[in-house]
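# Survey of secondary and tertiary structure
Here is how the chains run, residue by residue.
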Amino acid sequence: MTDTRRPRPAVPRSVPAARPPRPAVPRSVRVASAALALSGLLAVSACSGGSEPVKKADPAVTAEPAALSPSPTGSPTGGVVALTPDVTSRLDTAIKQVMSQVSIPGVIVGYTTPDGSYQRAFGVADKDTGTAMSPDLYMRIGSVTKTFTATGILRLVDQGKLSLDDPVSKYVPNVPGGDGITLRQLGDMRSGLFNYTLDSGFQQAFFNDPTRPFPPSELLGYAFKHPANFAPDAKFEYSNTNLILLGLVVEKVGGQPLNDFLKAQVFDPAGLTRTSLPTDAAFPDPHAHGYTNQTASGAVEDATDWNPSWGWAAGAVISTLADLQTWSKELATGEPLLKPATQAERLKFKSTGDTPDLGYGFGVFTTHGWIGHNGSLPGYESVVIYLPQAKASLVILLNTDITHDQSEPSTFLARAITQIVSPNNVYTLPTPPAAGSSTASPSPTASPTGSPTASPTGSPTASPSPSPSPTVSPTASPSPGVSPTETGATSPAPTLHVS
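Residues numbered from 1 in each chain as written. Predicted model: local features only at pLDDT ≥ 70, side-chain atom pairs only at ≥ 80, totals over all residues. Heavy atoms only, no water.

Moving on, we come to the side chain of R140. Note on placement: R140 falls in strand β4 (residues 139-140). Summary of buried charges: R140 has no salt-bridge partner, and the nearest side chain of opposite charge, D305, is 5.3 Å away. Within the local environment of R140, its side chain forms a polar contact with the backbone oxygen of T304, the two atoms lying 3.0 Å apart. (Helix = DSSP H or I, 4+ residues; strand = E, 2+ residues; numbered from the N terminus. Buried < 20%, exposed > 50% of the residue type's maximum accessible area, 1.4 Å probe, protein only. Lys, Arg positive; Asp, Glu negative; His and termini not counted. Salt bridge = Lys/Arg side-chain N within 4 Å of Asp/Glu carboxyl O. Polar contact = N/O pair within 3.5 Å; in protein donor to acceptor, adjacent residues only side chain to side chain.)

With that settled, the discussion passes to the pattern of salt bridges. Evaluated as defined, the whole model comprises 11 salt bridges. A salt bridge links R120 to D92; the shortest N-O distance between them is 3.3 Å. Here R120, found in strand β3 (residues 116-123), pairs with D92, found in helix α1 (residues 85-102); they are 28 residues apart in sequence, far enough to count as distant. Using a relative accessible area of 18% as the deciding quantity, one classes D92 as buried.

This paragraph deals with a negative patch on the surface. On the surface, D128, E301, D302 and D305 cluster together into a patch of negative charge. Following the sequence through the fold, E301 ends up in strand β6 (residues 301-302). Owing to a relative accessible area of 34%, E301 belongs among the partly exposed residues under this scheme. (Patch = residues over 30% accessible without salt bridge, like charges linked within 9 Å, V, L, I, M, F, W, Y side chains within 5 Å. Areas by Shrake-Rupley, 256 points an atom, 1.4 Å probe, with all protein chains shown as cover. Charge placed at Lys NZ, Arg CZ, Asp CG, Glu CD.)

Moving on, we come to the packing of aromatic side chains. Under the defined criterion, the tally for this structure stands at 14 aromatic pairs. Between F283 and Y380 the ring centres are 6.0 Å apart and the planes differ by 65°, which places this aromatic pair in the edge-to-face class. With F283 in the loop between α7 (258-267) and β5 (291-292) and Y380 in strand β12 (residues 380-387), this pair connects stretches of sequence that are 97 residues apart. Among the residues examined, F283 registers a relative accessible area of 7% and is labelled buried. Here the aromatic residues Y196, F202, F206, F207, F214, Y222, W306 and W310 are joined through ring pairs into a cluster of three or more. Taking the ring centre of Y291 as reference, the NZ or CZ of K127 above it sits at 4.4 Å. Directly above the aromatic system of F214 lies the positively charged group of R212, at a separation of 3.9 Å from the ring centroid. (Phe/Tyr/Trp six-rings, centres within 6.5 Å; stacked < 30°, edge-to-face > 60°. Lys NZ or Arg CZ within 6 Å of the ring centre and 35° of its normal.)

On to the side chain of T333. Secondary-structure assignment places T333 in helix α9 (residues 321-333). Accessibility expressed as a relative area gives 18% for T333, which makes it buried. A distance of 2.8 Å separates a polar atom in the side chain of T333 from the backbone oxygen of K329. One polar contact links the side chain of T333 to the main-chain amide nitrogen of E335, over a distance of 3.3 Å.

Time to look at the packing of α1 against helix α11 (residues 409-421). Two numbers describe a pair of packed helices, the interaxial angle and the distance between the axes. Across the interface, α1 lies against α11 with an axial gap of 10 Å and an inter-helix angle of 160°. Between α1 and α11, the crossing angle belongs to the class labelled roughly antiparallel. The crossing of α1 and α11 is right-handed. Residues V87, R90, L91, A94, I95, V98 and V102 of α1 touch α11, and the partners they reach there are P409, F412, L413, A416, I417, I420 and V421. For the contact of α1 with α11, the per-class residue count stands at 13 nonpolar, no polar and 1 charged. (Axes fitted to C-alpha atoms, helices over the stretch in contact; angles between N-to-C directions. Parallel < 35°, antiparallel > 145°, perpendicular 65-115°, else oblique. Left-handed = near helix turned anticlockwise from the far one by under 90°. Contact = heavy atoms within 4.5 Å. Nonpolar A, V, L, I, M, F, W, Y, C, P; charged D, E, K, R; others polar.)

Within strand β11 (residues 370-377), 8 of the 8 residues are buried, which leaves the element mostly enclosed by the surrounding structure. Relative to β11, strand β10 (residues 365-367) runs antiparallel, the two being bridged by 3 bridges. The residue bridging F365 from the neighbouring strand is G372, located in β11. What sits between β10 and β11 in their antiparallel hairpin is a turn of 2 residues, with H368 showing a positive phi close to 50°. Sheet topology places β11 next to β12; 7 bridges connect them, and they run antiparallel. The residue bridging I371 from the neighbouring strand is Y386, located in β12. (Pairing = 2+ DSSP bridges.)

Let's shift gears to the sheet that holds strand β2 (residues 106-113). Think of a sheet as strands paired side by side through backbone hydrogen bonds, with each pair either parallel or antiparallel. Read from one edge to the other, the open sheet built from 8 strands follows the order β3-β2-β13-β12-β11-β10-β9-β8, with strand pairing classed as antiparallel. Each end of this open sheet is capped by a strand with a single partner; those strands are β3 and β8 (350-351). Strands β2, β11, β12 and β13 (392-398) of the sheet are contacted by α11, whose axis makes an angle of about 150° with β13.

Moving on, we come to the nonpolar core. Formed by 117 residues in total, the largest nonpolar core has its most connected members in I95, V107, F148, V168, L245, V249 and I396. The element best represented in this core is helix α6 (residues 240-254), accounting for 8 residues. Setting aside its immediate chain neighbours within four residues, L245 contacts V168, V172, V175, L186, L193, L220 and F224. (Core = buried A, V, L, I, M, F, W, Y, C linked by side-chain atoms within 4.5 Å.)

Written out as structure tokens, the structure reads:
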């Protein structure tokens, strides 16, 4: 596997003093919650999570054409339908139909239960050469990165080196209001800190040169120019800023650069041999090309070699289908990485706003019983979820983040698939507010930083089995949901969304 890491200092970088505002970007930015992978974690990326089975989808959050809602045949066992040849055929048809309707170049799907497995690759990995998509390709996963950074924090909890209730100021200096913001509130997306991916200066710098590196201190500088959006723990709002801070905490307490710590403490112990946090734009081979319209001109471009450093601890991880299928179970159960009590802290899902059946915990969300995260960044999207009562894992990897009817393409696919295999537990994330809306929706990925899936916001305590779905407050979560749009953004134009 190609080495994508470069040395980082073991001590946290100092946070720069607030700097004067930069010129506003001459286009409206459709940034979703702010964490890469969850691109839209709730808002734009789409990351959600109610924990109770839902027998009927709420039409207000349906993110899929009616034609893609096949009725299940046979009674589900443990919440899922058996993978018969008929069900497998229906999955093939539904996935191809979504790809056609939503214009997805290529997709990798892995669905596994104790009784069977469905693994497929559809479409192309490279539109220029016509190279077919393959299940073994490396992919950028956006805000699913957040689940790894959060797990790094929880490993340090188990080692007695920190507490989730410690203030962030204990580890990172110069955080506005840092004495009153806990590590738990950062991971729960309840800090109130401004999402740096919504800052016009960041957006301008990104669009001017998407191949340039963004050190964590610069990312925090964009965030800290703005006052907090609300008092700590007042409500939920997906913000990539939270995960950048948690990444710095891991480096300070763990005594290693984040990429090295995650390899030693998370990736390797979990058996994830093809997962890495790159420190530059290097991309192991073989990988799919990623396509986005989050460009200066609004035209579709190949974003494969764009530098993901702007997402860092929130959205820069690269992985594969096989590794993520393993990770989905470990994320939902904690085994073998975390003590049961620590895993229970991760799964304390809280309300994300006015969307029922969607909750956000410590770097993870729950939607209709499924536990996991989504991710989105320019060119790529992901969904990595697990249904505990059925021991079912679902991983979806796409090579586009171009939204359709304001929803992430990954949300269309996850919904179509779960309507067939788990009709009582259908993956649903809210449609994000229109550009310029001041309310974020609960889904974790979608701003140029790592998050739940393709929209700029993000999303879900509990024991291994999902707890009753929380009532949701009006704020969005880290994926399709979007946090308040920054004042100062000007005329409408191409949008930058990441989760």
